[in-house]
Amino acid sequence: MKLVLPNPGLDQRIPNHEDLDRMEKEEVDDRPKWDNKAQYILTCVGFCIGLGNVWRFPYLCQSHGGGAFLIPFLILLVLEGMPLLLMEFAIGQRIRKGSVGVWRAINPYLTGIGIASMLVSYLITLYYNTIIAWIMWYLFNSFQDPLPWTQCPLNENRTGYVPECQQSSTMDYYFYRVTLNSSASIADSGGLHWPIILCLLAAWTVICICCIRGISTSGKAVYVTAILPYIVLAIFLIRGLTLRGSLSGIKFLFTPDLNELINPATWLDAGAQVFYSFGLAWGGLISFSSYNSVHNNCMQDAVILSAVTAVTSVYAAAVTYTIIGFRATEKYDACISENIRTLLNTFELPEGNITTSNYDEAFNRLNSSHPDTILQLDIEICNMHKLLSEGVEGTGLAFIVFTEAITKMPGSPAWAVLFFAMLLCLGLSTLFGSMEGVVVPLKDLGVFPKKWPHEAVMGITCIVSFILTLLFALQSGIYWVTLFDDFAGSVPLLAIGLVEMIAVVYIYGADRFNEDIRFMIGRKPNIFWQVTWRVISPLIILVILVFYLVTQAQEELTHLVWDPDSEEFPSLSSVPYPSWINIIIFLLAGVPSLTIPVYALCRLIFVSCKKTR
Amino acid sequence: MSRLCVGSSHAYKVRISIKTALGNQAYVWNDNEMYLFRAAMAFALRSYHNGQEFNVSNIMVCNETPRVSFWFVVSSPENSSVLLKKGDVENAIRKSRNRINGAFLLTDQTLEFIDIPPTLAAPVMPVTPPWLIVFGVVMGAVGAGIIFLLVSSLVQSKRKKNKKTLDEDREDMRGIENGLGCDNLGGVYNTTFSDGDKFTPM
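Here the structure is a predicted model, which means the values were calculated and not measured.

Of all hydrophobic cores here, the largest spans 197 residues; its most connected members are Phe420, Leu423 and Leu483 of chain A. Looking at this core element by element, the count peaks at 20 residues for helix α8 (residues 111–140) of chain A. With residues up to four places along the chain from it excluded, the contact list for leucine 483 of chain A reads Ile186, Ala488, Tyr577, Ile581, Ile584, Ile585 and Leu588 of chain A. Judged by nonpolar contacts, the second largest core, of 29 residues, contains Ala42, Ala92, Ile100 and Leu106 of chain B.

This is how it looks when you write it as C-alpha cells:
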C-alpha cells in the first residue's frame, strides 16, 4: 500500500543505514548504552509491570467474568499491545533518539507528539510518586509489633474507641485518618500533613539517586526492583495457598462467566488495560530502545515482553485472590460467630448449642418460633460473595484489604515488610521509565543548557517535582491523586498512541519502516504486523478512545470521599466535584492531547511568517 | 425480692461465656462458682466502700439461665432491705474488675456486666515512633549515596580534564623541537611522514 503523506527532507534528518553501521562500529556517539541485554529486558519488564498489574488487573478480571476476561485481554494484547510495542521499540532503535528527537526527526511538525508524551509522563510521575510515598509510609511503619493499623485509639474516658474507628475499621481509620488525615471533599483542602511530606521527600530522593546518571544507575537498580516482586509474589503464593479459604478466592477469580464476553464494556476495559499496562505512549520505551545496538532483535523483545506482561498479570491476580479468599473466609467466620453470639445471648441458650455447622437450621428454627425477636435483632446476613468482591481495586486493595489479611497471618510484621517492599519495587521500576520519558525530552528540547551534567538536570527535576507534589500532601491529597489517575493517565495516552501509529505508518511510511526493520534484524515483518499496524490497532485504539470520551461526557463528575459525618459511613460517599474542577480536568487531559495539533499549527504560522519576511 | 432483682434501677445483668474463653479447659458453672461470684462481688464492694463490711448474703442473685447469665442486686450491710444504687455498685466493680476477672480466668469480653463499659487498655505506642528511625536510616543511606555519586563524578570529570590537557600538551609538543615551533621556521609541513592514514594503505 503506497498510502504515504509527503514528507520532504526526511533523509537529511535521520542517519541512513550505512551511517548507522558505521556509528555502531566506531562507537562514535556518547549515547548511554546498556551493560547487557538482561539489563534492557529487566528495565522494560519493570516499566511494564507496575502497581496496576497488582491492583487493577485482578479487579477487572473478577468483575468481568473471571477466567472469561482472559479471552478479550489476550486477544487485544496480541492485536493492540504487541504491534504498538514493536513499533515503539523499532522506531527508537532506528532513529536513536528520545521521544521528542524521534518525532522531530520524522517530521518537525510532529514534535508535539514528543512534547505530549513528556507532559503525560510528567503528570503521571507526580501522582505515582505520591502513591510510592504512601507505600513508603506503610513500609516504615511495618517494622513494629503489633502493627499500628491493628489498634484503634481510645476515646477520652477510655471506655471505648474513637467513634470514627469504631464504626469503620482499624485499617480504614489508619489509612484515611492517621496516614492521610483526609478531609471530606476535594474542595476542602485542609492543611499539609507532615508525615506525608517526609515520605514524599524520601520518595523523591530515592528516585533521584536511582536515576541520577540515567540508565547507568537505574540499570543497576532494576536488578533489584524488577526481580524482587517475582520472588515476593512466589512467597505470598506459597503462604497464601496454605491459608484457609484461599482456594475459594482463586475459584471466585477464575470462574468463567462467558456472558460477559457479549458486554462491550468488558472489551473496552480489556483494551484500556492492555494499553496502560504496557507503558505505551509514555516515551520511555522509545528512549530505552534507542540505547540498544542497531541490530538488536526488537521483534523478539516485543513478543517476549508481551508474554511476560500477560503471564505476570495472571500470576499476580492469582496471588492477590488467594489472600482475598483468606480474608473473606475469616470475615465470614467472624460474621457467623457474631450472629451465633447474638442468638445465644438473646435466647439465653447455653454455649455450644449453636455452632457454625448447625447455624442455618438453628436460625430457621428460632426464626419460625420467634419471628419478631429475630427481626428486632437485625441480624446481618453473612454473604461470602459480597465479602469476596468488596474493596478490591486500587489503593483500597493494597492499604485496606491486604493489610487486614496480613494482620491475620502469624508473623504479620514480616509479611507487611515483604508486601510493601514488593509494592515499592513495582512502583520504582515504573518510575524509572517515566523519569526517562520526562528528562530525555527536556534535554532534547533544550530546556536546560547543554553543558549541564545529567546529575544537575535530574536533581533540578526532582526538586521541582517535590514542590509540586506537596499538593498531594494536603488533606484532600487522595482526591487529587484519584483525579490525576482518572484524567491524566487515560485519554491523553490513547490519543498519543493513535497519533503515533498514524505518524509511523502514514507519514514516516510503512514500507520505509519495513525496510528499516529488515536492515536491523534481517527480515521484514510478516503479514500479521502489516495488517495490525495499518488497520487493526489504530482502529481498536480509536474505538476505545471514542467510547471513553462519550461515556465520560455523559456521566456527572463525582468522586468518592471519606466523610465520617455522612450517612453511608463507613462506605465512601459519592460527592459531586466543584465546578472549577473542569478547568483542572482540561489541564490534565486536554492540554497534553491538544499539544500535538497546537504545536503543528504554531510551527506552520512561524514558518510562513519567516517565509513572507 | 425477685421483683426488684430483674431490670430495676438497682440490678445488674451478668453474662458469662466460659467455653468461649477457655475452650477445652472450660470448667462447669455450678453453685460453687456462683458462691465464688458472690464472694468476689462482696470483696469488690468492701474494697470500694472502705469500712462497710459486705457479706456474701448481701449479694442476691436471681434468674439464672443455662446461657450462664443472671441478675444480681446488692443490699446494704447495715439494712438488708435497702438496695445499693447502681452508681456505687458500678464504681466498685470497675475498680476491682481485673481481680474479679482473674478469679474466674475470664476477660472483660467473656465476663460481661451489661451496661458497665470495660476500661480498655491503651494501644501500645513506643516512645520514639519506629517509622522515624527507619526513615532516618533510609534518608541517611540515600544522602550518602548521592554525595558519593556526585563526588565520584566530579573526580572523574577532573581526571578527564587533566587527561585532555595532557593530550593537548603532547599535541603542541609534536612540532616543537629545540624550543622552536615548526611554524616559526617558515617551512612547509611534509605530510609523507605524518601518521594520519588518510591515504591508501599498502
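Residue and element names in this part refer to chain A. Applying the stated criterion across every chain yields a total of 18 salt bridges over all chains. A salt bridge links arginine 213 to glutamate 455; the nearest nitrogen and oxygen atoms lie 3.3 Å apart. Pair noted here: arginine 213 is in the loop between α11 (194–211) and α12 (215–225) and glutamate 455 is in helix α23 (residues 454–469), with a separation of 242 residues, a long-range link. Owing to a relative accessible area of 26%, arginine 213 belongs among the partly exposed residues under this scheme. Put simply, glutamate 404 and lysine 408 hold a salt bridge, and the shortest N to O gap is 3.4 Å. The partly exposed category is assigned to lysine 408, whose relative accessible area is 32%. Beyond isolated ion pairs, a larger network of salt bridges with shared partners links Arg327, Lys331, Glu404 and Lys408.

Examined against the element boundaries, serine 153 of chain B turns out to sit in helix α6 (residues 130–174). The class for serine 153 of chain B is buried, based on a relative accessible area of 17%. In this structure the side chain of serine 153 of chain B is engaged in a polar contact, spanning 3.5 Å, whose partner is the side chain of glutamate 455 of chain A. With residues up to four places along the chain from it excluded, the contact list for serine 153 of chain B reads Arg213 and Glu455 of chain A.

Turning our attention to the state of the cysteines. Residues and elements named next belong to chain A. The final tally for this structure, using the stated rule, is two disulfides over all chains. A sulfur-sulfur separation of 1.7 Å characterises the disulfide bridge that pairs cysteine 152 with cysteine 165. Disulfide cysteine 152-cysteine 165: the torsion about the S-S bond is -85°, which places it as left-handed. Note that cysteine 152 is positioned in the loop between α8 and α9 (163–167) and cysteine 165 in helix α9, a separation of 13 residues in sequence. Cysteine 165 carries the same exposure label as cysteine 152, and that label is buried. Linked covalently through their sulfurs, cysteine 335 and cysteine 382 form a disulfide whose S-S length is 1.9 Å. Measuring the twist about the S-S bond at about -85°, one finds the cysteine 335-cysteine 382 disulfide to be left-handed. Here cysteine 335, found in helix α17 (residues 298–347), pairs with cysteine 382, found in the loop between α19 (371–377) and α20 (384–389); they are 47 residues apart in sequence, far enough to count as distant. Note on cysteine 382: relative accessible area 16%, which makes it buried. Of note for chain A: the bonded cysteines, numbered N- to C-terminal, pair according to 1-2, 3-4. The structure places no disulfide on cysteine 211, whose sulfur is separated from the nearest cysteine sulfur, that of cysteine 210, by 6.3 Å.

Rules of the game
Residues numbered from 1 in each chain as written. Chains lettered and ligands numbered in written order. Predicted model: local features only at pLDDT ≥ 70, side-chain atom pairs only at ≥ 80, totals over all residues. Heavy atoms only, no water. Core = buried A, V, L, I, M, F, W, Y, C linked by side-chain atoms within 4.5 Å. Buried < 20%, exposed > 50% of the residue type's maximum accessible area, 1.4 Å probe, protein only. Helix = DSSP H or I, 4+ residues; strand = E, 2+ residues; numbered from the N terminus. Contact = heavy atoms within 4.5 Å. Salt bridge = Lys/Arg side-chain N within 4 Å of Asp/Glu carboxyl O. Polar contact = N/O pair within 3.5 Å; in protein donor to acceptor, adjacent residues only side chain to side chain. Disulfide = S-S within 2.5 Å.

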